[in-house]
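Listed below, chain by chain, are the residues.
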Amino acid sequence: MKKTELKSQDKVDSGVILGSVIATLIAATPFIFNLYESVPDVKVWDTYFFTYSSDYYESIFVLAWTLAGKVVPLFLIVIWFFTCRHWWYHALLIPIAMFTYQIMIVLNDDLSYTDQHELIVLLPVMAIIIPSIYLIRAKMFDKLTTANKTLEDLEAEFTVRPKTLWGKVKQYF
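Residues numbered from 1 in each chain as written. Predicted model: local features only at pLDDT ≥ 70, side-chain atom pairs only at ≥ 80, totals over all residues. Heavy atoms only, no water.

Points about the packing of aromatic side chains
Short version of the rule: What counts as a ring pair is set by centres within 6.5 Å for rings of Phe, Tyr and Trp (its six-membered ring), and what kind of pair is set by the plane angle: stacked under 30 degrees, edge-to-face over 60, tilted for all other angles. Partly exposed describes any residue whose relative accessible area lies between the buried limit of under 20% and the exposed limit of over 50%, with all areas from a 1.4 Å probe on protein chains only and scaled to the type maximum.
A complete count under the given rule lists seven aromatic pairs for this structure. Judged by centre distance (5.4 Å) and plane angle (90°), the rings of tryptophan 45 and phenylalanine 50 are edge-to-face. Consider the rings of tyrosine 56 and tyrosine 57, whose centres lie 4.9 Å apart with planes at 80°: the pair is edge-to-face. Classification of tyrosine 57 as buried rests on a relative accessible area of 19%. These aromatic residues form a ring-pair network of at least three members: Phe33, Tyr36 and Phe61.

This is how it looks when you write it as structure tokens:
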């Protein structure tokens, strides 16, 4: 085999391995969600590593169930965000921000209503993401009407595809 064939084979192998890991994690989400059932139904949970007191929920079990309902969808949307190849994938940042905010609220012991000010916190994120998506869409349709390209060609042109997962993470921070 030639050296270039070996490099492409390595890329295929690493892509298959990464895809298999992601597929396994997605398939395991029902089990990840049900991890809350292993948490005791007590107000104060004392272990070798930490002690946690649930003042608002008055039950670690209820807190774990609430967190599982927020963490699992966040996990799935983050996977979707990093694996999506469509031009609109930035819209996924809005539910990511929403679930992250909800998790922070659930962990905040002093809060009395969980989703009270969520929309106000998300407005700045939405104010940046929604117009950006609209502008990309407008540019796509402008080029579509003035050029001889298909919609798939334009999606491919506007899609940012870093070569590595770290490259995709770096692009946002």
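So, next bit.
Here we look at the nonpolar core
Condition: Nine residue types can take part in a nonpolar core, namely buried Ala, Val, Leu, Ile, Met, Phe, Trp, Tyr and Cys, and a core is a set of them joined through side-chain atoms within 4.5 Å. Each helix is a run of H or I in the DSSP string that is no shorter than four residues. Each strand is a run of E no shorter than two, and both are numbered from the N terminus. Any two residues whose heavy atoms approach within 4.5 Å at even a single point are treated as in contact.
Grouped together as the largest cluster of nonpolar side chains are 13 residues, with contacts concentrated most on Leu63, Leu67, Leu74, Ile77, Phe81, Ile96 and Val106. Of all the elements in the fold, those that place two or more residues in this core are helix 3 (60–83) and helix 4 (93–107). At five residues, helix 3 tops the list of elements feeding residues into this core. Leaving out residues up to four positions away in the same chain, isoleucine 96 has contacts with Leu74, Ile77, Val78 and Phe81.

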